[in-house]
Amino acid sequence: MTATYRFPPPPIPAVPVRGSSSSYAVRRIFCVGRNYADHAREMGGDPNREPPFYFTKSPDSIHLAGIDLPYPPATKNFHHEMELVVAIGAGAHDVASTAALDAVFGYAVGLDMTRRDLQNDAKEKGRPWDLGKSFEHAAVIGDIVQATICGHLAAGAITLSVNGAVKQTGDLADMVWNVPELVAHLSAFYHLGPGDLIYTGTPAGVGAVVRGDRMTGSIAGLGDIHVAVV
Ligand code: MN
């Protein structure tokens, strides 16, 4: 039996793979909260090593770097969160951290764009973060670089500039939970597989952008992304 749809199926969100003619179809987007101690402090949290926590963004939040980023509706406080993104490329369920990197296909530079006013309002009321975190264009991402090319990223500078001024700076080595630990932990809750992206948290210095701002994000080993807010 051939399936028919009342409306055409939506396009599959996908991210270019650097040096490849094929792209990476996105299934799910997981995001880690407070994964750098200095950012946990600036958000009022305890940077001690509590278990990681997560929220998700809809796959159609994907916004490719280099394309102008529309300022979203219903916010007056649109924040950048510069993050390393992990792209899963093999099945992983309940894996140990020592085996977790086997499931990592590659890495990308990303921005977990946030309607901070809506997120803070939700936090105060003990409500879900969806309105603050999951919305159109909220998951900015650059090309995925395959781990076979860039290696597995465990240390190196992560930086975000706005209009040429450095706003966020950190080192991947300062993650509270590193990439293999995150993949292993998350794999206890999900059957991870190809198409699953993990935004691994942001260093200190998050702040607002407005229309006309130009962001440049950089991670050692991956290069730069450029995004203008319009
Ligand atoms: Mn984030």
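Residues numbered from 1 in each chain as written. Predicted model: local features only at pLDDT ≥ 70, side-chain atom pairs only at ≥ 80, totals over all residues. Heavy atoms only, no water.

## Here we look at empty space enclosed by the protein
Point 1. This model, assessed by the stated rule, comprises one cavity of 30 Å³ or more.
Point 2. Put simply, the largest cavity is a space of about 90 Å³.
Point 3. The wall of the largest cavity is formed by 17 residues, among which G33, R34, H39, E81 and Q119 lie closest to the centre.
Point 4. The element that contributes the greatest number of residues to the lining of the largest cavity is helix α3 (residues 116-125), accounting for three residues. (1 Å grid on protein atoms, 1.4 Å probe; cavity = no way out; pocket = protein on both sides within 12 Å on 5 of 7 lines; lining within 4 Å. Points joined across faces, edges and corners; volume = space filled by probe spheres on them. Helix = DSSP H or I, 4+ residues; strand = E, 2+ residues; numbered from the N terminus.)

## As for α3
Point 1. Those residues of α3 not exposed but buried are R116, Q119 and A122. End-on view of α3: buried residues confined to an arc of 125°, all on one side of the axis.
Point 2. Note on α3: the residue one or two positions beyond its end, G126, has a positive phi of about 65°. (Buried < 20%, exposed > 50% of the residue type's maximum accessible area, 1.4 Å probe, protein only. Arc of directions from axis to C-beta.)

## Looking at the coordination of the manganese ion
Point 1. Around the manganese ion, the protein contributes the donor atoms E81 (OE), E83 (OE) and D112 (OD), which lie 2.0 to 2.1 Å from the metal centre.
Point 2. Sequence positions of the donors to the manganese ion reduce to the motif E-x1-E-x28-D. Here D112 lies in strand β8 (residues 104-112) and E83 lies in strand β7 (residues 82-88), a separation of 29 residues in the sequence. (Donors = N, O, S within 2.8 Å, 3.2 Å for Na, K, Ca; no water.)

## Comments concerning the layout of surface pockets
Point 1. Volume-wise, the largest pocket comes out at about 160 Å³.
Point 2. For the largest pocket, the lining is made up of 14 residues, of which R34, D46, N48, E50 and F53 are closest to its centre.

## Focus on the pattern of salt bridges
Point 1. In this structure the tally under the stated criterion is eight salt bridges.
Point 2. Close ionic contact of R27 with D196 constitutes a salt bridge, the shortest N to O distance being 4.0 Å. Taken together, the positions of R27 in the loop between β2 (23-25) and β3 (28-32) and D196 in strand β14 (residues 196-199) put the pair 169 residues apart, joining distant regions of the chain.
Point 3. A single network of salt bridges, built from pairs that share partners, joins K57, E81, D112, R116 and K133. (Salt bridge = Lys/Arg side-chain N within 4 Å of Asp/Glu carboxyl O.)

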